[in-house]
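The chain contents come next:
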4 protein chains.
Amino acid sequence: MSKDVKKVVLAYSGGLDTSVILKWLQTTYACEVVTFTADLGQGEELEPARQKALLLGIKPENIFIEDLREEFVRDYVFPMFRANAVYEGQYLLGTSIARPLIAKKQIEIAEKVGADAVSHGATGKGNDQVRFELGYYALKPDITIIAPWREWDLRSREKLIAFAEAHQIPIAKDKRGEAPFSVDANLLHASSEGKVLEDPAQEVPDYVYSRTIDPEKAPDKPTYITIDFEKGDATAIDGKKLSPATLLAKLNELGRANGIGRLDLVENRFVGMKSRGMYETPGGTILLAAHRGIESITLDRGAAHLKDELMPKYAELVYNGFWFAPEREMLQAAIDHSQQYVTGRVRLKLYKGNVIVVGRESKYSLYDQDLVTFEEGAVAYDHRDAAGFIKLNALRLRTLGQRKKKLGL
Amino acid sequence: MSKDVKKVVLAYSGGLDTSVILKWLQTTYACEVVTFTADLGQGEELEPARQKALLLGIKPENIFIEDLREEFVRDYVFPMFRANAVYEGQYLLGTSIARPLIAKKQIEIAEKVGADAVSHGATGKGNDQVRFELGYYALKPDITIIAPWREWDLRSREKLIAFAEAHQIPIAKDKRGEAPFSVDANLLHASSEGKVLEDPAQEVPDYVYSRTIDPEKAPDKPTYITIDFEKGDATAIDGKKLSPATLLAKLNELGRANGIGRLDLVENRFVGMKSRGMYETPGGTILLAAHRGIESITLDRGAAHLKDELMPKYAELVYNGFWFAPEREMLQAAIDHSQQYVTGRVRLKLYKGNVIVVGRESKYSLYDQDLVTFEEGAVAYDHRDAAGFIKLNALRLRTLGQRKKKLGL
Amino acid sequence: MSKDVKKVVLAYSGGLDTSVILKWLQTTYACEVVTFTADLGQGEELEPARQKALLLGIKPENIFIEDLREEFVRDYVFPMFRANAVYEGQYLLGTSIARPLIAKKQIEIAEKVGADAVSHGATGKGNDQVRFELGYYALKPDITIIAPWREWDLRSREKLIAFAEAHQIPIAKDKRGEAPFSVDANLLHASSEGKVLEDPAQEVPDYVYSRTIDPEKAPDKPTYITIDFEKGDATAIDGKKLSPATLLAKLNELGRANGIGRLDLVENRFVGMKSRGMYETPGGTILLAAHRGIESITLDRGAAHLKDELMPKYAELVYNGFWFAPEREMLQAAIDHSQQYVTGRVRLKLYKGNVIVVGRESKYSLYDQDLVTFEEGAVAYDHRDAAGFIKLNALRLRTLGQRKKKLGL
Amino acid sequence: MSKDVKKVVLAYSGGLDTSVILKWLQTTYACEVVTFTADLGQGEELEPARQKALLLGIKPENIFIEDLREEFVRDYVFPMFRANAVYEGQYLLGTSIARPLIAKKQIEIAEKVGADAVSHGATGKGNDQVRFELGYYALKPDITIIAPWREWDLRSREKLIAFAEAHQIPIAKDKRGEAPFSVDANLLHASSEGKVLEDPAQEVPDYVYSRTIDPEKAPDKPTYITIDFEKGDATAIDGKKLSPATLLAKLNELGRANGIGRLDLVENRFVGMKSRGMYETPGGTILLAAHRGIESITLDRGAAHLKDELMPKYAELVYNGFWFAPEREMLQAAIDHSQQYVTGRVRLKLYKGNVIVVGRESKYSLYDQDLVTFEEGAVAYDHRDAAGFIKLNALRLRTLGQRKKKLGL
């Protein structure tokens, strides 16, 4: 806490917690605070954050607000979806993928304004602190990092509120008490954890969900859509070209309406414990299914299987915060190389929580009807080849079998 | 075709195709034919197969009929589900996993009756021929294999029917024409491919499905169930102990009723081409979700992530027919080692195609509420540890950053 | 054998075997034969091959001779060494890596001269037939492939000689009898297998080696050299810039003189059996050690470990002949991405079979003396960080330990 | 440092550093110190450690001395060699593998004497602190760990000596000054790092080596030996059965005499920086070569390649200190499963730093001379099978090629 800091760039949401941090930084470090508020599609107005920062004494030139939605989807979400990344078989990494971009922007602002420190509002028990800080350190190795939740003694809600009151920080009425759970949100997902969710034996109460309607309340008729892909990235819905962020927003709407993308999960954090979270990734869930769908006809088996083998490591790297690490970039290079012809159209059926790929077509299709048809055709497939194929694949197994037999094993 | 064969054990379903094979073997090889008909839960009576075999001149002592359902689920399906095996991200390997068992039984019968050959009805373009034959060769390296579909010239439906008529093989009325698709079924799944399914751009017609009702026609109210696990295997539904096969059958019922487990897929065959298939795995789909659910609280992160990394290779081995290969057994040894404490209860919600894990509990749970709670407790977690953890994880990234900076890269 | 072929491009060495093939193609297929003879550094004159082809009736415009040494090392050997590729822990893939290039050139010539077929002299039991043919098929899917060793009945040496005599093919005296082993050679290596080497319990006789002197006869004084690398490729020896092929040739000389690079191995062939081979890779052995040496200071741990994990698969792909497969290219993309700063100088000691890296330096070095020194300095390393690092890494193990203790496991 | 500790078990070598730690623990924590001194084959007498402990006031019943050599080799070294474990392509993990055993013994003693803490002499920058402490925590999650080098302020040699003098700790004359490098040793290896070794561009001076003679000074005649294996473990040298530790000691002698097993390496530490070390693993180097040799004829390709793919992860786990982690045990289960028939005899030639496998034989051999011979025999290998094998392996590549051609890509 005795670090000597002159100017700090804070990831600032405008909410109570980061407002307390703002004030705490000012009072504890006696340093100039620069706020950075980003629109990643969390669904909140940004202007109130500016007003609040001004109110808390931040100089206008020290308030940075930026709409990052397109950059977020184009340079972070889409590359990750090219990898079909899923953590622990289920989690679409909605929180994880946003942190590196925020970290990058904070460092850029720090360079611009000559700040020597950055700060964030992530707690000391979670993954986000790691993701932020690995990003900071990778991009600016000599930066000083202030993680208030690891440093201060405002460990209970009461203390936090008391600090806020003592420093004239406005407190919204509904923030006075304990929140029944904590939330993170961006264009890719919303997540909730803590409090009422902490018993993994208990079903998630319906009021925790915010991005999707209950599948039971979704329309009784399915919705059919098409998604077009170019080189592994979605580019159009129902034939209409859309920018990355607009496209994801549209998929979110479609997913929300059809109750798609809810996930109730116990996951393993990088910091070592298990935690129970609830995720809603409506658009992402559709996107993943569609991407696998277009890959299924345009990607060669060797490439597809290699991707499947590399994916768990890729997902782990993203989850753990190693976005800017060379090994993530190496895997990305391999994955991107595979996406050159992942271009075409997928047709999907959305219905009460289900995303079903019902059709795929592509001028790059490797699916060859002549090859698979049961009717014998003028095709480059000779049934007799299969015998040789099997016999040489079996050769080592036969040798093993002979050993067993010979030695009576 | 000039192989000298005295006695052949045929995997015999009693249907038209294998009846033609039976007769063709007799006429082409002038050899004694032994039939083996297994109940793997495909949902067909076995006695008609016996009658038909007798009718076709098979001696009573050469007709083998066996109920393999318990062995199938206990020794093949369950070990595979311990691995959470999914091929190409989606396929639950329902056909693949049945072949090794049939191959094993044929070889056992061949040893018993002194047969020098085995035969099967798989075509020359598919994966099943590989799976059967790798099994045969691994278990009896000197066996002779007869794969009629690769040898004969009955390449069209007409020729097949003509052969059947010429040899007095009874032909069911609905078998005279071309089937609109071909089907495989066992206790784990039913699959269809070919003909009407061959255009991957066209939605699978509803009449192709046989194991599940359409999610749109499933009940409007969700069904809640619990599944108990012991050492990674399911042992009870709603608290009621069931044998492996009975349990899977019960899950199939539940899945069927709730429209669960349909899959429309373009997959990559081992023999080199893509094919489009439709799979229904109602019980298996529930089982996989439940197994991941109980693992989520009982399996350590290191074990879980290693399993996820090994899974694609495991699934590929099963898909390709390498069940009896040493590397599959090695992976199984690793996986089984991890399942010692995968014991507990999972609660699931089944609703119109959705399987949702809503609760998990276990006396072996590694989920520790004290560790994750946001409230500071008397727990072995010190927020300050996170700083050191992050700094050492970041060290190499900082060194990379310093290099970049120093050299202006 | 009844394939209808008009013009075939044969990989022609000028030796007895491929001369017999040449004639056999003419007589069996009644087709025009185009010969392709490449200099890959096998150490043989190419002009005699031209003379022999002319003698056997090949038209001058159908004789292609090309010096591929630079292309071979630059585009095949070097990329492979960037991966540190070693098959089954030991084999440097000297034969494997040459086949794709020959295949590629044959196809290019086939396109140019309008040939509809290609042919090679690899036997039906080895890996090389696979490597050649996977290359042919990948680059020209409709090509016809003639593999005489799989087709003809010249299965014994006697028959081969008789055919040669009958067709006026000159036979060198020493080729009349059985060769005591068969040899493959190029700029990267020489290999021998067969006959006298077939008993893996027997030591390889010294006369089999041709590229290296016996370590026991190598100089008693060590030789010191430096190798410079740029982006992962060797560029200079002892400070002197050399082209890829010249550099490898120079390393071969150095290796030969110091008895470096001999390998006696039982390996697993792709076609399913084990075989015993003897390899000499003098320059390559030095190159691999040097490359690992420069990587050790310029490559980040994450990148290095990922490379090590991917390497066995990469080596298997090259060994099995999948050079032109998408998954090899994907891995290459990942590997090449890592090599951007693998630039610097390695100092090596060569002595009687030993290659010892004794020094490495680079302006891109990530080795930071300040970080590792036992003396405390002004460095970004705080001993206390290690406590937190360890405690969070231990957290899941402690939770496992607590479970054990609580339940008395 | 304010931890409340009653009794601590110290890993005590009897040397100056751990003697200072002993005294520092007594004075700082005012706690009872229990010493544990193990013989892991480091080559030092243990009785002086007992005398010194007594001299420093340790009660006789608190002094534990144990010969762990057999357990070390049997339960740690041998399982690791079954995996052919090599870290970063080169390091045989000699230090890494000893730490878990020491940790285990300390915890056993702590349980026995009712100690609430353990302590070790590893520094705050190295890997050993991690290895010790992950072991402690895994085996006794509630243990208190004291790592003096991370806590005290005796950061320079002078301060350490001053503390020793102030507390009447005897100081050997040669320990007064700075050691030119630091050493770790056990039956598997000796390593050195620090000081004179810190510049990776400079060759390791010959006086640093202690376990091997300089290859240049080794005998001019090679030494031939045989090693017998049973289920993957070495059991005899030159036909003479030896216990694990005796066998490794014998291999060390042989390796020493022939200058085998020196390694000069820049490696990546788990704590994040690169370090330069020098390792001597004479017996282990021979053992690894021999083990690969016997595996080459007894292990199936599928098993061998899976082992090669898993190895880097296994080695990383051991290096990082995760010996007692479930994922290491899972990998071990897979590896051990593969070793059932890794039984037989390997013949090796040792010569001036070289270890050359010159022969292998086993009654479990999978090497089948009939299969590989160039002569056609009565073998289960039909050259024509290769054509089918290749064509189906090529099918997907041809489809890719057709796509390219059709679309002019």
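Just so it is clear, the structure is predicted and the values come from calculations on it, not from any experiment.

## A word on the pattern of salt bridges
Working definition: two side chains of opposite charge can pair if their charged atoms are close together. Residue and element names in this part refer to chain B. Tallying each qualifying case throughout the model produces 145 salt bridges over all chains. Across the salt bridge formed by Glu-71 and Lys-105, the nearest N and O atoms sit 3.1 Å from each other. Pair noted here: Glu-71 is in helix α3 (residues 69–82) and Lys-105 is in helix α4 (residues 99–113), with a separation of 34 residues, a long-range link. For the residue pair Glu-71 and Lys-105, the accessibility class agrees, reading buried in each case.

## A short note on the relation of the copies chain D and chain C
When chain D is brought onto chain C, the operation consists of a screw motion whose angular component is 180 degrees and whose axial shift is 0.0 Å, with 0.0 Å RMSD remaining. Classification of the inter-copy transformation places it as that of a two-fold axis. Taken as a fraction of all interface residues of chain D, those also at the interface in chain C reach 100%, which identifies the copy contact as same-surface.

## Some remarks on the domain arrangement of chain A
Per the domain assignment, the segments making up chain A are domain 1 (7–80 + 94–175), domain 2 (182–298 + 341–361) and domain 3 (370–407). A separation of 61 Å is found between the C-alpha centroids of domain 1 of chain A and domain 3 of chain A.

## Overview of the pairing of strand β14 (residues 354–361) of chain A
Residue and element names in this part refer to chain A. Pairing of strand β13 (residues 344–351) with β14 involves seven bridges; the strand directions are antiparallel. Paired with Val-346 across the bridge in β14 is Arg-360. The antiparallel hairpin formed by β13 and β14 contains two residues in its connecting segment, where Lys-352 sits at a positive phi of about 40 degrees.

## Notes on the interface of chain D and chain C
Listed by partner, the interface residues are 98 residues for chain D and 98 residues for chain C. Both sides of the chain D and chain C interface together cover about 9,400 Å² of buried area, and 55% of this is carbon and sulfur. Between chain D and chain C we count 10 salt bridges in total. In this structure, the salt-bridge partner of D:Asp264 is C:Arg360, at a minimum N-O distance of 2.9 Å. Applying the counting rule to chain D against chain C returns 40 residue pairs in polar contact (both at pLDDT 80 or more). When the residues that make up the side of chain D that touches chain C are grouped by side-chain class, the tally is 40 nonpolar, 21 polar and 37 charged.

## Regarding the relation of the copies chain A and chain B
Under the fitted operation, chain A is carried onto chain B by 0.0 Å of movement along the axis and a turn of 180 degrees, and the coordinates agree to an RMSD of 0.0 Å. Taken together, the interface assignments show that 100% of the residues at the interface of chain A recur at the interface of chain B, consistent with an identical surface on both copies.

## Remarks on unusual backbone geometry
The backbone of A:Lys195 sits at a positive phi, close to 45 degrees, despite the residue not being glycine. Structurally, A:Lys195 can be placed in the loop between β7 (190–193) and β8 (223–230). A residue is classified by how much of its surface remains accessible, and A:Lys195, at 29% relative accessible area, is partly exposed. One non-glycine residue, D:Asn84, adopts positive backbone phi at about 55 degrees. Here D:Asn84 is to be found in the loop between α3 (69–82) and α4 (99–113). Residue D:Asn84 is classed as buried on the basis of its relative accessible area, which comes to 2%.

## A few points about helix α11 (residues 326–338) of chain A
Here α11(A) contains 13 residues, and its C-alpha end-to-end distance of 19 Å stays within 8% of the 18 Å for a straight helix at 1.5 Å per residue. Those residues of α11(A) that fall on the buried side of the exposure criterion are A:Pro326, A:Glu327, A:Arg328, A:Met330, A:Leu331, A:Gln332, A:Ala333, A:Ala334, A:Ile335 and A:Ser338.

## Points about the packing of aromatic side chains
Taken as a whole, this structure holds 50 aromatic pairs over all chains when the rule is applied. Seen in terms of ring centroids, D:Trp24 and D:Tyr29 are 5.9 Å apart; in terms of plane orientation they differ by 75 degrees. Their pairing is edge-to-face. Residue classification places D:Trp24 among the buried residues on the basis of a relative accessible area of 6%. For the pair D:Phe181 and D:Tyr207, a centre-to-centre distance of 6.3 Å together with 35 degrees between the ring planes defines the contact as tilted. In this pair, D:Phe181 sits in the loop between α7 (157–166) and β6 (182–185) while D:Tyr207 sits in the loop between β7 (190–193) and β8 (223–230), placing the two residues 26 residues apart along the sequence. Judged by relative accessible area, which is 53%, D:Tyr207 ranks as exposed. In textbook terms, an aromatic cluster arises when at least three aromatic residues are bridged by ring pairs, as seen for A:Phe270, A:Phe322, B:Phe389, C:Phe389, D:Phe270 and D:Phe322. A cation over a ring is seen here: B:Arg328 above B:Trp323, with NZ or CZ 3.5 Å from the ring centre.

## Quick notes on the confidence of the model for chain A
Residues and elements named next belong to chain A. On average, residues of chain A carry a pLDDT of 94, and 97% of them reach 70 or more. Note on residues 374–379: pLDDT under 50 across the span, and 13 contacts to partners over four residues away in sequence or across chains. Scoring the predicted complex yields pTM 0.97 and, for the interface, ipTM 0.96.

## Describing the packing of α3(B) against helix α8 (residues 244–257) of chain B
All names here are of chain B. Interhelical geometry of α3 versus α8 gives an angle of 80 degrees and a closest axis separation of 7 Å. Classed by the angle they form, the pair α3 and α8 counts as roughly perpendicular. Where α3 approaches α8, its residues Arg-69, Glu-70, Val-73, Arg-74, Val-77 and Phe-78 are matched on the opposing element by Pro-244, Ala-245, Thr-246 and Leu-248. Tallied by class, residues from the contact of α3 with α8 come to six nonpolar, one polar and three charged.

Conventions and cut-offs
- Residues numbered from 1 in each chain as written.
- Chains lettered and ligands numbered in written order.
- Predicted model: local features only at pLDDT ≥ 70, side-chain atom pairs only at ≥ 80, totals over all residues.
- Heavy atoms only, no water.
- Salt bridge = Lys/Arg side-chain N within 4 Å of Asp/Glu carboxyl O.
- Helix = DSSP H or I, 4+ residues; strand = E, 2+ residues; numbered from the N terminus.
- Buried < 20%, exposed > 50% of the residue type's maximum accessible area, 1.4 Å probe, protein only.
- Least-squares fit on C-alpha atoms with pLDDT ≥ 70 in both.
- Contact = heavy atoms within 4.5 Å.
- Domains from an automatic or database assignment.
- Pairing = 2+ DSSP bridges.
- Buried area = accessible area lost by both parts, 1.4 Å probe.
- Polar contact = N/O pair within 3.5 Å; in protein donor to acceptor, adjacent residues only side chain to side chain.
- Nonpolar A, V, L, I, M, F, W, Y, C, P; charged D, E, K, R; others polar.
- Expected span 1.5 Å × (residues − 1).
- Phe/Tyr/Trp six-rings, centres within 6.5 Å; stacked < 30°, edge-to-face > 60°.
- Lys NZ or Arg CZ within 6 Å of the ring centre and 35° of its normal.
- pLDDT = per-residue confidence, 0-100.
- Axes fitted to C-alpha atoms, helices over the stretch in contact; angles between N-to-C directions.
- Parallel < 35°, antiparallel > 145°, perpendicular 65-115°, else oblique.

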